[in-house]
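Commentary on secondary and tertiary structure
Spelled out, the chains give:
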Amino acid sequence: MGLIVQKYGGTSVGTPERIKRVAQRIIQRKKAGNQLVATVSAMGDRTDQLVNLANQVSDNPPQREYDMLLSTGEQESVALLAMAINSLGEEVVSLTGSQAGITTNDLHTKAEILNINPERIETELAEDKIVIIAGFQGMTNKGDITTLGRGGSDTTAVAIATSLRADLCEIYTDVDGVYTADPRIVEDAAKIKEISYDEMLELASLGANVLHPRSVEIAKDNKIELMVKSSFCCIPGTYIKEENKLEDKLLVSGVTCDKDQVKLSLIGVPDQPGIASNIFTKLAKSCINVDMIIQNVDYDELNDITFTVSKDDFLAAKEILESMEDDLDYTELKSDDTLSKVSIVGAGMVTNPGVAARMFTALGANDVNIEMISTSEIKVSCLINAEDSDRAIRAIHQEFNLSEQDD
Ligand code: ADP
Ligand code: ASP
Ligand code: MG
C-alpha cells in the first residue's frame, strides 16, 4: 500500500487495445489500495512521425516550435489513457507537463527539469483520482513548452516520484528488464536482476536506451529505487538501487552500443597552450557535449585534435569550428558519421587488470578496427565502424560469458 509512480513507454500504449490494457493494470493497483500516478510516452512511433513532419516543412525547424510539436504526442496518449480509465468507472485526470507543475530550463529539445510543484497532483490524489501525466515535457518560467530529450518520459516519472516522495517507481517497457546487452542484438543476453545506480547510469549514457540517463541520475541523487519491467507480462524485472558494498562486483555487467556518434577532426592545429581550452570552452558554452577526445602530436609543431559529439550536435559543432578557423589556424576540418561506440560497463573492472585488453582482443579477433578508446573506473569504450557494431557487441558479450551471468 502506498503511492506508486508508474511509467508506460510508447510500445506499451501503442494501440487503443494496449491503452485499455494499461488502464486495467493501473486500476488493479489502485483497487489494491494504492494511490496511482502514471507517466506516459507518446503512442508507438508517434514522436518519430512528428519529427518526420517537421523535417518535411523545414530544413532547420526552430527548436521552440519543434518542442511545441513533439509534446503533442504525449498529450494525445494521456488523454486517451484517461478516457480508457474513465470508461472503466474510475476517477481520473490527465495533466500536461506544465499542469503537473514541471518547470524546466529553456534548453529546447534537451531541457532539464528545474523544479516540480506537486500541488496540483496532490490535490487530485487527495480527491482519490488516478493522475496521468504527459512524459517528456515541461514548461519554462516564461511559459514555453519544452521537451526533455528523446526517451525523456523516464525522467518525468522519476522526477515526479521524487517530488511526491513515492514509495515505488516502476518503469514499464517492451522488455522485461535490463539485459547484459540489447536483447534485439544479442539473442542470448541475460536479464540482470539487480544493478547499482552507477552501473545503470553508465549503461544508459553509453547507449542502453532502456532508461533515459537523466532518470537514473535523479534516482541516484534522491535514492529512488527503480524497477524496470514489462508491461506485457507479470514476471519480476530489474531492480536499480544503491550498490551493495558487501557483494562481489561483476567484472562486466553489460555491453552497449551508441550509434549516435560523429567524429570531428581538426588537422594541423598549432601546438600551443590554450588551443584545446579555446575549442572546448566555445563548444561547452553552446551546450555541446564532447565525448571522446584524442590529440596526436604530429609534425612541424602541429597537432591533430579529434573528438566525438552526438549527431544532434554535429551541425552546431561544425559551425562553431568553422567560425574559429582564423583563430585556430587549422589546415583542415574533417568529419565522419559512419561510426559507433561500443562499451563495456562493470564495477569490478577497477580492481581487475586486463579487462580492457580482453575487449580489444575480442574485437581484433573479429576483424573490428578500433579508432578511438576511452576509459573510466567502470567502463571501456571503443569507437568503431558502425557496420561492425552488432558483430562487435556479440563478440564482446561472448568474451565475458555474459549470457551465463546469474546475479
Ligand atoms: P519505451 O518506449 O518503453 O521507453 P525504449 O525503446 O525506449 O522503450 O527502451 C526499450 C528498448 O531498449 C528495448 O526494446 C531494447 O531493444 C532496448 N535496449 C537497449 N539496450 C538494452 C538493455 N541493455 N537491456 C534491455 N533493453 C535494452
Ligand atoms: N516520446 C518521446 C520519445 O519517443 C519520449 C519517450 O518516449 O520517452 O523519445
Ligand atoms: Mg524509452
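What follows is about the sheet that holds strand E14 (residues 293–297). Taking strand neighbours across the sheet as the criterion, the 6 strands line up as E14-E15-E13-E16-E18-E17 in an open arrangement whose pairing is antiparallel. Edge positions in the sheet fall to E14 and strand E17 (372–376), since each of these pairs with one other strand and no more. Averaged over all pairs of adjacent strands, the angle between their axes in this sheet comes to 25°, without regard to strand direction. Taken together, the 7 bridges between strand E13 (residues 254–270) and strand E15 (residues 302–309) define a ladder with antiparallel strand orientation. Bridging across to E15, Val 269 finds its partner in Asn 303. Contacts from helix H8 (residues 275–285) reach E13, E14 and E15 within the one sheet, and its direction differs from that of E15 by about 20°.

Residues in contact with ligand 1 amount to 16 residues; listed here are only the nearest, Thr 173, Asp 174, Tyr 179, Asp 182 and Arg 184. A distance of 2.6 Å is found between an oxygen atom of ligand 1 and a side-chain nitrogen or oxygen belonging to Thr 173. A distance of 2.8 Å is found between an oxygen atom of ligand 1 and a side-chain nitrogen or oxygen belonging to Asp 182. Coverage of ligand 1 by the protein chains reaches 87% of its 570 Å² of free accessible surface. Residue composition of the shell around ligand 1, grouped by class: 7 nonpolar, 5 polar and 4 charged.

On to the site of ligand 2. As a structural note, the neighbourhood of ligand 2 is formed by Ser 41, Ala 42, Thr 47, Glu 74, Phe 136, Arg 150, Gly 151, Gly 152 and Ser 153. In this structure, an oxygen atom belonging to ligand 2 sits 2.9 Å away from a main-chain N or O atom of Gly 151. The backbone of Ser 153 places a nitrogen or oxygen atom 3.0 Å from an oxygen atom of ligand 2. Each residue belonging to the shell around ligand 2 can be placed in one class, and the counts come to 2 nonpolar, 5 polar and 2 charged.

Taken together, the side chains of Glu 325, Asp 326, Asp 327 and Asp 329 present a region of like negative charge at the surface. Mapped onto the fold, Asp 327 is located in helix H10 (residues 325–328).

A separate point is helix H2 (residues 46–57). Note that an α-helix has 3.6 residues per turn; residues three or four places apart therefore point the same way. Compared with an ideal rise of 1.5 Å per residue, which puts 12 residues at 16 Å, H2 spans 17 Å between its outermost C-alpha atoms and is within 8% of the ideal. Tucked into the core, H2 has its buried residues touching helix H3 (63–87).

Thresholds, definitions, all that
- Residues numbered from 1 in each chain as written.
- Chains lettered and ligands numbered in written order.
- Predicted model: local features only at pLDDT ≥ 70, side-chain atom pairs only at ≥ 80, totals over all residues.
- Heavy atoms only, no water.
- Pairing = 2+ DSSP bridges.
- Helix = DSSP H or I, 4+ residues; strand = E, 2+ residues; numbered from the N terminus.
- Axes fitted to C-alpha atoms, helices over the stretch in contact; angles between N-to-C directions.
- Contact = heavy atoms within 4.5 Å.
- Near = heavy atom within 4 Å.
- Polar contact = N/O pair within 3.5 Å; in protein donor to acceptor, adjacent residues only side chain to side chain.
- Areas by Shrake-Rupley, 256 points an atom, 1.4 Å probe, with all protein chains shown as cover.
- Nonpolar A, V, L, I, M, F, W, Y, C, P; charged D, E, K, R; others polar.
- Patch = residues over 30% accessible without salt bridge, like charges linked within 9 Å, V, L, I, M, F, W, Y side chains within 5 Å.
- Salt bridge = Lys/Arg side-chain N within 4 Å of Asp/Glu carboxyl O.
- Lys, Arg positive; Asp, Glu negative; His and termini not counted.
- Charge placed at Lys NZ, Arg CZ, Asp CG, Glu CD.
- Expected span 1.5 Å × (residues − 1).

Honestly, it's all geometry; don't read function into it.
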